[in-house]
Every structure is written in C-alpha cells, then in structure tokens.
Amino acid sequence: MPAIRAIAPGKVILFGEHAVVYGQPAIAVPVEQVQAQAVALAEPRRPDGFVLVQAPDIGLEAQLEDLPEGDPLATAVRSVLRELNIRNPPACTLRVSSTIPIASGLGSGAAVSVALIRAYASFLGRPLEDARVSALAYEVERLHHGTPSGIDNTVVTYRRPVYFVRGKTVETFYVTTPFTLVIADTGIHSPTAVAVGDVRKGYEADPEQYEALFEAIGRITKEARAAIDSGHTAALGPLMDENHALLVAMGVSSPELDRLAHVALDAGALGSKLSGGGRGGNMIALVENSDAERITQELLDNGAVRTITTMVGDR
Ligand code: PMV
C-alpha cells in the first residue's frame, strides 16, 4: 500500500480574536507558507492493531496504546477510529511534522490534527469530508485550550478565508482583490489558554466593559468583511489598528507586540495588529506589495525573530 500524505496550512486571524469566543464574528485566512504534514505508512509485517505514532520534531515515537488519554496526537488518531467504527486497524506508522511555529497564533495544533486526521482516514480507505475533519480536530483543540471557538480547526480544514461565528454554519468566502500581509513573530511563546482564561476573568469581573469591547470588535469585523467583499482592501488598515487598540484594552497585547505593530506602521504599513491569542506570538501588518520587503527588514531589525509574507486571496 503506498504512503498516504496529507498537509494542512497555518493560519492567521485577521479580525475578531477573543471576541469570537463570546459570539462575535471573526475572520481568519490560511497561510500556506507554513504547513503541517502527516504520512500514513502500512506496516505489513506487523500484526493488526499496531499503530506507531512518530513526531520527530518533538522527539516522540510511541505506540498508540501507550499514549495517555490527553495526548493530542493520540486523541486525533483515536477520534478517527471511533468515527469510522474501527476496532482493530491494519498495522501502520503515522508520522507528523510541521513547519508552523508552535504557540504563536499560527494554528500549529489545529494543522497537525487536521493533517493527521485526513491522512489516517484516507489510509483506512474512508476519507472524511471537511465538516467531519473539522469536528474531530475541534475535539483535539479542546485539549489545547478548554473552550476554543473552533475558528482554528475551521480555517485550517477548509483552507479558505473564513467568516466565522461560533455555532453557525461555516462560511468561507472569496477575496477577489488580493492583499499582502507581513506576519512577524515576537518569538515569545504564549499559550492561548492563558490569554483566553485572563479575558474570561476580566469579563467576569466587569461584564459590561468587556461586552462593549467584544461588540466593538464585532462591528469592526463586519466592516472588514464588507471592505474585503467590495475590494476596498486599503480600508482594512485603519480597522486593524482599531482592533489592535481594543485588544490592548482587553489586556492581551504585550510590549513586544505593540512595538512591532508600531514599527510596521512607522515603516509605512497600512495597519497592524496582534493576531491570535496575544501576549506573544505574531502580529500582522497590511502592506502595499511593493513595501513588503522594506517593512519586513524593519521588523527584523527591531526584534521580530521571523517573518512571513503572504498574499491573501491568490489561490
Ligand atoms: O490559536 P490562536 O492563538 O490563534 O487563538 C485563537 C483565537 C482566540 O479567539 C483567542 C481563541 C479562540 O478559541 O477563538
């Protein structure tokens, strides 16, 4: 049996992080420059039921039965077996790898889950449709951060720009006027669960203030969607700045994120904001294509440890 391979992209949230957990819309787009990959290989010499999971990036090699209940890779594999109602699977090795930086808001956990779920289901001869892949990956996301909105697994599964509202039907959309983003990594690893938990505490302490912040972000996200749909992508810049200011008020930015956001603006970006859980991880800047290289250099000269330039809407 040939090896089965599946890949899944990274992602950034353009608008609406955190507020999306509280029912507001958010927009996320895939970032194809970084990817997770999963390979499933038959092991004809091994007995049925033998499933070896390898993740060389994190030094993991273990049989499925030896991996604990809360292990994210094991959870993804077991969810496929449960979904397909298979008790004694054919022997195989499942190998995952990823070029997506972890704990930086680029969706690495979701992408690994999606690639693994897709590759394994295909290996078992029963490829899953997107909605099921996303639902199974969501269960793994819950291990990473308790109450995820589901936006990461959705955008990574569908590999298209997504206008996401928690609990609503998935809405992917076309970006007819492409625009360029520079993504810059602070190099600070920041687990999403911590920022999400702190926002929860803030919300519980002062529901009115946080409700107002969430609603303001929701309004910005709707305006951004309208700007993208009508091709007025330059209008996204000021909306990103506004969204960033609201995330600062929510307490999920950091001096490093604020600094990179300002550096990008000073260098001529049309707008900038943190992306994802915040506190560390990545910021994104909307740039004219011709300015991307210069702004990238400024960001690297001022503390960014890594940058990615991506065109949204070129697929
Ligand atoms: O996984 P991250 O860091 O991109 O953050 C996800 C976005 C949040 O809105 C902060 C959390 C969520 O579950 O939507």
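Being a predicted model, the structure only gives us computed values, none of them experimental.

This paragraph deals with the overall build of the chain. A tally of regular secondary structure across the chain gives 9 helices and 11 strands. For the chain, the C-alpha radius of gyration of 20 Å lies close to 20 Å, the compact-globule estimate for 315 residues. Counting only residues that meet the buried cut, the chain has 55% of its 315 residues in that class. At a minimum sequence separation of 6, the contacts of the chain that also span at least 24 residues come to 72%. As displayed, the chain has an accessible area near 13,400 Å², and 50% of this comes from carbon and sulfur atoms. For the chain, the distance from the average position of its 27 positive side-chain charges to the average position of its 37 negative side-chain charges is 7 Å.

What the rule picks out here adds up to 5 aromatic pairs. Geometrically, the ring pair formed by Tyr22 and Tyr203 is tilted, given 5.0 Å between the ring centres and 55 degrees between the ring planes. Here Tyr22, found in the loop between β1 (4–15) and β2 (26–42), pairs with Tyr203, found in helix α5 (residues 192–205); they are 181 residues apart in sequence, far enough to count as distant. Its relative accessible area of 18% is what places Tyr22 among the buried residues. Ring geometry for Tyr203 versus Phe214: centroids 6.0 Å apart, planes at 40 degrees, classification tilted. Taken together, the residues Tyr203 in helix α5 and Phe214 in helix α6 (residues 207–229) connect sequence positions 11 residues apart. Residue Phe214 is classed as buried on the basis of its relative accessible area of 0%.

Turning our attention to the packing of helix α3 (residues 130–144) against helix α4 (residues 151–158). Interaxial distance between α3 and α4 falls to 9 Å at its minimum, and their mutual angle equals 145 degrees. Crossing geometry of α3 relative to α4 is assigned as right-handed. Contacts from Asp130, Ala131, Val133, Ser134, Ala137, Tyr138 and Glu141 of α3 reach α4 at Asp152, Asn153, Thr154, Thr157 and Tyr158. In terms of residue class, the contact of α3 with α4 is built from 5 nonpolar, 4 polar and 3 charged.

Rules behind the numbers
Residues numbered from 1 in each chain as written. Predicted model: local features only at pLDDT ≥ 70, side-chain atom pairs only at ≥ 80, totals over all residues. Heavy atoms only, no water. Helix = DSSP H or I, 4+ residues; strand = E, 2+ residues; numbered from the N terminus. Rg over C-alpha atoms; globule rule 2.2 N^0.38 Å. Buried < 20%, exposed > 50% of the residue type's maximum accessible area, 1.4 Å probe, protein only. Contact = heavy atoms within 4.5 Å. Areas by Shrake-Rupley, 256 points an atom, 1.4 Å probe, with all protein chains shown as cover. Lys, Arg positive; Asp, Glu negative; His and termini not counted. Charge placed at Lys NZ, Arg CZ, Asp CG, Glu CD. Phe/Tyr/Trp six-rings, centres within 6.5 Å; stacked < 30°, edge-to-face > 60°. Axes fitted to C-alpha atoms, helices over the stretch in contact; angles between N-to-C directions. Left-handed = near helix turned anticlockwise from the far one by under 90°. Nonpolar A, V, L, I, M, F, W, Y, C, P; charged D, E, K, R; others polar.

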